[in-house]
Amino acid sequence: MAQAMRRQSDISLFATDGKPHPLQDTLLTITLVLGAVAFVTGFFHNLHLLSSWTGLIGILTGAYGQFISVTTRERFALIIGLGAAAIGFFLGMAHGGLFGGWLG
């Protein structure tokens with residue numbers, strides 16, 4: 001029950017072990033931003049290039065972030081970003097794909 005004795009100000013948003021994780025936090029932020037962009041633009045048919053590419057990059061950064069993540073909070077937020085990026089990617093692929101007719 002040592003966790004119950006800690007003050008709330010000692011608990012950080014991303015690192016539950018009390019150590020800084022700058023690479024993981026950067027990947028988390030990038031994944032969340034790319035996931036949000038891919039998710040929002042995935043609902044517009046004419047923005048399929050943006051949604052498919054940001055979704056693909058968001059999936060790749062999120063997957064690498066999951067691979068090197070240390071804390072549960074990082075993994076939880078990465079899953080949210082990965083889900084949004086995947087939905088945006090799949091909608092972008094359904095609306096025209098990564099190249100949108102440029103290659104054929």
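Preceding this section is the structure that the text describes.
What you see is a predicted model; the values in this text were computed from it and never measured. (Residues numbered from 1 in each chain as written. Predicted model: local features only at pLDDT ≥ 70, side-chain atom pairs only at ≥ 80, totals over all residues. Heavy atoms only, no water.)

1. Focus: the packing of helix α2 (residues 48–68) against helix α3 (residues 72–95)
Alright, step 1. Contact geometry of α2 with α3 gives a least axis separation of 7 Å together with a crossing angle of 150 degrees. Here α2 is positioned roughly antiparallel relative to α3, judged by the angle of their axes. By crossing handedness, the relation of α2 to α3 is classed as left-handed. Within the contact between the two elements, α2 uses His 48, Ser 51, Ser 52, Gly 55, Leu 56, Gly 58, Ile 59, Gly 62, Ala 63, Gly 65 and Gln 66 and α3 uses Arg 75, Leu 78, Ile 79, Leu 82, Ala 85, Ala 86, Gly 88, Phe 89, Gly 92, Met 93 and His 95.
Alright, step 2. Broken down by class, the residue content of the contact of α2 with α3 amounts to ten nonpolar, eleven polar and one charged. (Axes fitted to C-alpha atoms, helices over the stretch in contact; angles between N-to-C directions. Helix = DSSP H or I, 4+ residues; strand = E, 2+ residues; numbered from the N terminus. Parallel < 35°, antiparallel > 145°, perpendicular 65-115°, else oblique. Left-handed = near helix turned anticlockwise from the far one by under 90°. Contact = heavy atoms within 4.5 Å. Nonpolar A, V, L, I, M, F, W, Y, C, P; charged D, E, K, R; others polar.)

2. Thoughts on α2
Alright, step 1. Relative to the 30 Å expected for 21 residues at 1.5 Å per residue, α2 spans 30 Å between its end C-alpha atoms, a close match to the ideal helical length.
Alright, step 2. If you check which residues of α2 are buried, you get His 48, Ser 51, Ser 52, Thr 54, Gly 55, Gly 58, Thr 61, Gly 62, Gly 65 and Ile 68.
Alright, step 3. In this fold, the buried residues of α2 make contact with α1 (22–41) and α3. (Expected span 1.5 Å × (residues − 1). Buried < 20%, exposed > 50% of the residue type's maximum accessible area, 1.4 Å probe, protein only.)

3. Observations concerning α1
Alright, step 1. For α1, which comprises 20 residues, the first-to-last C-alpha distance of 28 Å matches the rise-based estimate of 28 Å (1.5 Å per residue) to within 8%.
Alright, step 2. Within the span of α1, buried status applies to Gln 24, Leu 27, Leu 28, Thr 31, Leu 34, Gly 35, Ala 38 and Thr 41.
Alright, step 3. Looking at the buried side of α1, the elements it contacts are α2 and α3.

4. Quick look at the packing of α1 against α2
Two quantities define a packed helix pair, namely the angle between the axes and the distance from one axis to the other.
Alright, step 1. Following both chains from N to C, one finds α1 and α2 inclined at 150 degrees, their axes separated by 8 Å at the closest point. Between α1 and α2, the angle is such that the two are roughly antiparallel. Crossing of α1 over α2 shows left-handed handedness. Contacts between α1 and α2 pair Leu 23, Gln 24, Leu 27, Ile 30, Thr 31, Leu 34, Val 37, Ala 38 and Thr 41 from the former with Leu 50, Ser 51, Thr 54, Gly 55, Ile 57, Gly 58, Thr 61, Gly 62, Tyr 64, Gly 65 and Ile 68 from the latter.
Alright, step 2. Classifying every residue of the contact of α1 with α2 gives ten nonpolar, ten polar and no charged.

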